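# Notes for the structure review
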Amino acid sequence: MAAYVYLIHMDQKMFRAQHYLGYTSLESVDQRLKRHLQNHGARMLAAANGKGITYRVVRVWKCDNWRDARALERKLKGRKNAAQLCPVCLGIAVERNLEVSLETAMAEGIPF
Ligand SMILES: [Zn+2]
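Presented here is an overview of the structure given in this document. (Residues numbered from 1 in each chain as written. Predicted model: local features only at pLDDT ≥ 70, side-chain atom pairs only at ≥ 80, totals over all residues.)

Per the secondary structure count, the chain includes five helices and four strands. When its helices and strands are written in sequence order, the chain yields β-β-α-α-β-α-α-β-α. Within the chain, the proportion of its 112 residues that are buried is 28%. Summarising the internal contacts of the chain: among those between residues at least 6 apart in sequence, 69% fall at separations of at least 24. (Helix = DSSP H or I, 4+ residues; strand = E, 2+ residues; numbered from the N terminus. Buried ≥ 20, exposed ≤ 12 C-beta atoms within 10 Å, placed from the backbone. Contact = placed C-beta atoms within 7 Å.)

A separate point is helix α3 (residues 66-79). For an α-helix, 3.6 residues make a turn, and residues three or four places apart therefore share a direction. With 14 residues, α3 should cover 20 Å at 1.5 Å per step; its first-to-last C-alpha distance of 20 Å lies within 8% of that length. Among all positions in α3, only A69, E73 and L76 are buried. Looking down the long axis of α3, one finds its buried residues gathered within 70 degrees of arc, a one-sided arrangement. Residues of α3 that are exposed and point more than 90 degrees away from the buried face comprise R67, R74, K75 and G78. Trailing α3 by a residue or two, K80 shows a phi angle of about 55 degrees, which is positive. (Expected span 1.5 Å × (residues − 1). Arc of directions from axis to C-beta.)

Of note, the phi angle at R16 is positive, near 65 degrees, even though the residue is not glycine. Here R16 lies in the loop between β1 (3-14) and β2 (17-24). Of the residues examined, R16 has 5 C-beta atoms within 10 Å and is grouped as exposed. Phi is positive for K80, which is not a glycine, with a value near 55 degrees. Counting through the fold element by element, K80 comes out in the loop between α3 and α4 (87-90). Residue classification places K80 among the exposed residues on the basis of 9 C-beta atoms within 10 Å.

The biggest cluster of nonpolar side chains holds 23 residues, and the ones touching the most others in it are Y4, V5, Y6, L7 and I8. Contributing elements (two or more residues each) for this core: β1, β2, α1 (29-37), α2 (43-51), β3 (55-63) and α3. (Core = buried A, V, L, I, M, F, W, Y, C linked by C-beta atoms within 7 Å.)

Put into structure tokens, the structure is as follows:
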């Protein structure tokens, strides 16, 4: 079953961070975002909700299964440079279709 890694960009910094990386396998990224907006899941995003800080999903990586998604999430988190992955921070227009497979990202030279 497909799983997704997603990057959220917050419109203001929270705890000196402006991004949240997560993965989801049992629900779509849209469903996951809705639950974040209802304070379920990441404490950072719940805190952002409390402060009225808005945020949005700016990138999605599609993986074959949850193990790959978790591994990619950890790999990307480990780099500690989410801004380098973020189209908003890089000044690139956010594509309408956010979802891209890792193979496509690699083939097209998109930073991942
Ligand atoms: Zn950003």
